[in-house]
Amino acid sequence: MKDKKILTVCYSQRGHTELIAKQIHSIAGGDIYGIKLQKPYGKNYFTALISGGFDILTGKRPEISNKTDISGYDIIFAGGPVWFMTVAPALMSFLNGNDFSGKILIPFCTSGGNEGNFFKNFEKNSNGAKVMRGIGFTGKDFKNPNELKNKLDEWILTIGKQI
Ligand SMILES: Cc1cc2nc3c(=O)[nH]c(=O)nc-3n(C[C@H](O)[C@H](O)[C@H](O)COP(=O)(O)O)c2cc1C
């Protein structure tokens, strides 16, 4: 993985996925990019539940306010929260807005414990990428930072051997 250009991308409404993204970035190196929306959902859980639920039902792809050029990257770790058992719309906007031909995409997510179809739907929306095995974290992972770091190290090591 060392000779490749790596980008870690994340959407995070309340900081959990961002924390994972920062750790991936510190292990794997490269650059990091946090997706921001023109109209953010806000930090409130219940407001996001209503507007997020509506956007998932209607298939809305919210506008990203800080689009980034991914053309120079070979490997992209991309993560977000599980929303209604699928990929949060903001991460979908990133996936649907880019062509990943010739690139490797590595998904990650955080959830309350039910990942549902997150990884399946992520892969379906990966526009030409080779998609590697993803990883998910829940509330209990955040309670033990050492275990969380070990889980990430192990996963990245395994992925690295497969690339
Ligand atoms: C709109 C919405 C829908 C959610 N749906 C699910 C779900 O289907 N399954 C689940 O386990 N957690 C669900 N959650 C919980 C989040 O996935 C979890 O809190 C996640 O870690 C939040 O990540 P963040 O802090 O990066 O935004 C939902 C949260 C929101 C706001």
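In what follows, the structure referred to is the one given above.
Since we're looking at a predicted model, the values are computed, not measured. (Residues numbered from 1 in each chain as written. Predicted model: local features only at pLDDT ≥ 70, side-chain atom pairs only at ≥ 80, totals over all residues.)

**Regarding the site of the ligand**
By nearness alone, 23 residues border the ligand, and S12, R14, H16, T17 and P81 come closest of all. Elements with a contribution of two residues or more to the shell around the ligand: α1 (16–28), α2 (45–58), β3 (75–83) and β5 (104–111). If you tally residues by element for the shell around the ligand, the top one is α2, at five residues. (Near = placed C-beta within 6 Å. Helix = DSSP H or I, 4+ residues; strand = E, 2+ residues; numbered from the N terminus.)

**What to know about the pairing of strand β7 (residues 135–138)**
The side-chain alternation of β7 yields one buried face, formed by I135 and F137, and one unburied face, formed by G136 and T138. In the sheet, β5 pairs with β7 via four bridges, with the strands oriented parallel. Counted as the bridge partner of S111 is T138 from β7. (Buried ≥ 20, exposed ≤ 12 C-beta atoms within 10 Å, placed from the backbone. Pairing = 2+ DSSP bridges.)

**Observations regarding the pairing of strand β2 (residues 31–34)**
In the sheet, strand β1 (residues 6–10) pairs with β2 via four bridges, with the strands oriented parallel. Its bridge partner lying in β2, L7 is registered against D31. Note on the crossover from β1 through α1 to β2: the handedness is right-handed. (Right-handed = clockwise from strand over helix to strand, strands pointing away.)

**As for the packing of α1 against helix α6 (residues 145–162)**
At their nearest, the axes of α1 and α6 sit 10 Å apart, and the two run at 50° to each other. With respect to α6, the element α1 is oriented oblique. Relative to α6, α1 is oriented so that their crossing is right-handed. Taking contact as the criterion, the partners of Q23, I24, I27 and A28 in α1 are, on α6, K149, L152, D153 and I156. (Axes fitted to C-alpha atoms, helices over the stretch in contact; angles between N-to-C directions. Parallel < 35°, antiparallel > 145°, perpendicular 65-115°, else oblique. Left-handed = near helix turned anticlockwise from the far one by under 90°. Contact = placed C-beta atoms within 7 Å.)

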